[in-house]
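The chain contents come next:
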Amino acid sequence: MKRIAIFASGSGSNAEKICEYFEGRTDVQINLIFTNNPQAGVIQRARKFQIPVVVFDRKTFYETDRILELLKNNHIDLIVLAGFMMLIPASLLGTYSEKMVNIHPALLPKYGGKGMYGHFVHEAVVTNAEKESGITIHFVNENYDEGNIIFQASCEVAESDTPDDVARKVQVLEHVHFPRVIDEIVSKLS
């Protein structure tokens, strides 16, 4: 049995799709959901699947080993960042090198890096009159959105599209592809 932990800071729509995808599986299980936001929508979504949620603060994340200990004690094989807004500390990166994945709502290397998330990305895509946008699933390293790319999918951006239109198109790609790509990654873990 492969065990996955999801880290999310917001509404948790991707986390929910991942939980739905793996629900009932005997070879893969979502064991924990971590959030740095006590008001995050992902908390309610996790309850629907009866998945334990760990809420933590900045000090705990960066100045203690509590999160790493919880991951190890729960025998987590893969960490999935699904709308998680904090840079990952070196202790987690060292332990989960090439075993931590993120999804970004753009075709990296465009529109990545600190401050480029959610609506900010879609606004930049529209402002720069891009003809396409999409998603990038990548391994996590010490920098925002710079890890090795695993998968990308694109969608057309029409001249009349607003940032909200682009966001909707990109979210469809996220919900379709992220769970499937996670499944492929976890199947290759030893």
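For the structure, check the block above.
1. Looking at the overall build of the protein
Consideration 1: Along its length, the protein carries seven helices and seven strands.
Consideration 2: Ordered by position from the N terminus, the helices and strands of the protein form the series β-α-β-α-β-α-α-β-α-β-α-β-β-α.
Consideration 3: Taking 16 Å as the expected radius of gyration for a compact globule of 190 residues, we find that the protein reaches 16 Å, a close match to that expectation.
Consideration 4: Each principal axis of the C-alpha distribution contributes one length, and for the protein these read about 50 × 35 × 30 Å.
Consideration 5: Within the protein, buried positions represent 48% of all 190 residues.

2. Quick word on the pattern of salt bridges
Consideration 1: Enumeration according to the criterion identifies nine salt bridges in this entry.
Consideration 2: One salt bridge in this structure joins Lys 48 and Glu 16, with 2.2 Å as the shortest N-O distance. Here Lys 48 is found in helix α2 (residues 42–48), whereas its partner Glu 16 is found in helix α1 (residues 13–22), with 32 residues between them in sequence.
Consideration 3: For Lys 48, a relative accessible area of 55% translates into the label exposed.
Consideration 4: Its salt-bridge partner being Lys 17, residue Glu 20 comes within 3.7 Å of it at the nearest N-O pair.

3. Here's the deal with the packing of α1 against helix α7 (residues 163–187)
Consideration 1: Direction vectors running N to C along α1 and α7 enclose 45 degrees, while the axes themselves pass 9 Å from each other. Our classification of the angle between α1 and α7 gives oblique. Crossing hand, α1 versus α7: right-handed. Contact residues: α1 offers Ser 13, Asn 14, Lys 17, Ile 18, Tyr 21 and Phe 22, while α7 offers Gln 171, Glu 174, His 175, Phe 178, Pro 179, Arg 180, Ile 182 and Asp 183.
Consideration 2: Split into classes, the residues belonging to the contact of α1 with α7 amount to six nonpolar, four polar and four charged.

4. Looking at the sheet that holds strand β5 (residues 100–104)
Consideration 1: One open sheet accounts for seven strands, arranged β3-β2-β1-β4-β5-β6-β7; its pairing is mixed. In the strand order of this sheet, the two ends are held by β3 (53–55) and β7 (149–156), each with one partner. The average angle at which neighbouring strand axes cross in this sheet is 20 degrees, direction not considered.
Consideration 2: With seven bridges joining them, strand β6 (residues 132–139) and β7 adopt antiparallel strand pairing. The residue bridging Ile 137 from the neighbouring strand is Phe 151, located in β7.
Consideration 3: The sheet contacts of helix α4 (residues 66–73) involve β1 (2–7), β2 (28–35), β3 and β4 (78–81), and relative to β2 the element is tilted by about 165 degrees.
Consideration 4: α7 contacts β1, β2, β4, β5, β6 and β7 of the sheet and is inclined by roughly 155 degrees relative to β7.

5. A look at unusual backbone geometry
Consideration 1: A cis amide bond, omega 15 degrees, links Leu 108 with the succeeding residue Pro 109.
Consideration 2: Relative to the helices and strands, Pro 109 resides in the loop between β5 and α6 (118–127).
Consideration 3: Positive phi values are uncommon outside glycine, yet His 75 reaches one of about 55 degrees.
Consideration 4: Position of His 75 relative to the elements: it lies in the loop between α4 and β4.
Consideration 5: For His 75, a relative accessible area of 56% corresponds to the exposed category.
Consideration 6: Despite not being glycine, Ala 129 has its phi angle at roughly 50 degrees, a positive value.

About the thresholds
- Residues numbered from 1 in each chain as written.
- Predicted model: local features only at pLDDT ≥ 70, side-chain atom pairs only at ≥ 80, totals over all residues.
- Heavy atoms only, no water.
- Helix = DSSP H or I, 4+ residues; strand = E, 2+ residues; numbered from the N terminus.
- Rg over C-alpha atoms; globule rule 2.2 N^0.38 Å.
- Buried < 20%, exposed > 50% of the residue type's maximum accessible area, 1.4 Å probe, protein only.
- Salt bridge = Lys/Arg side-chain N within 4 Å of Asp/Glu carboxyl O.
- Axes fitted to C-alpha atoms, helices over the stretch in contact; angles between N-to-C directions.
- Parallel < 35°, antiparallel > 145°, perpendicular 65-115°, else oblique.
- Left-handed = near helix turned anticlockwise from the far one by under 90°.
- Contact = heavy atoms within 4.5 Å.
- Nonpolar A, V, L, I, M, F, W, Y, C, P; charged D, E, K, R; others polar.
- Pairing = 2+ DSSP bridges.

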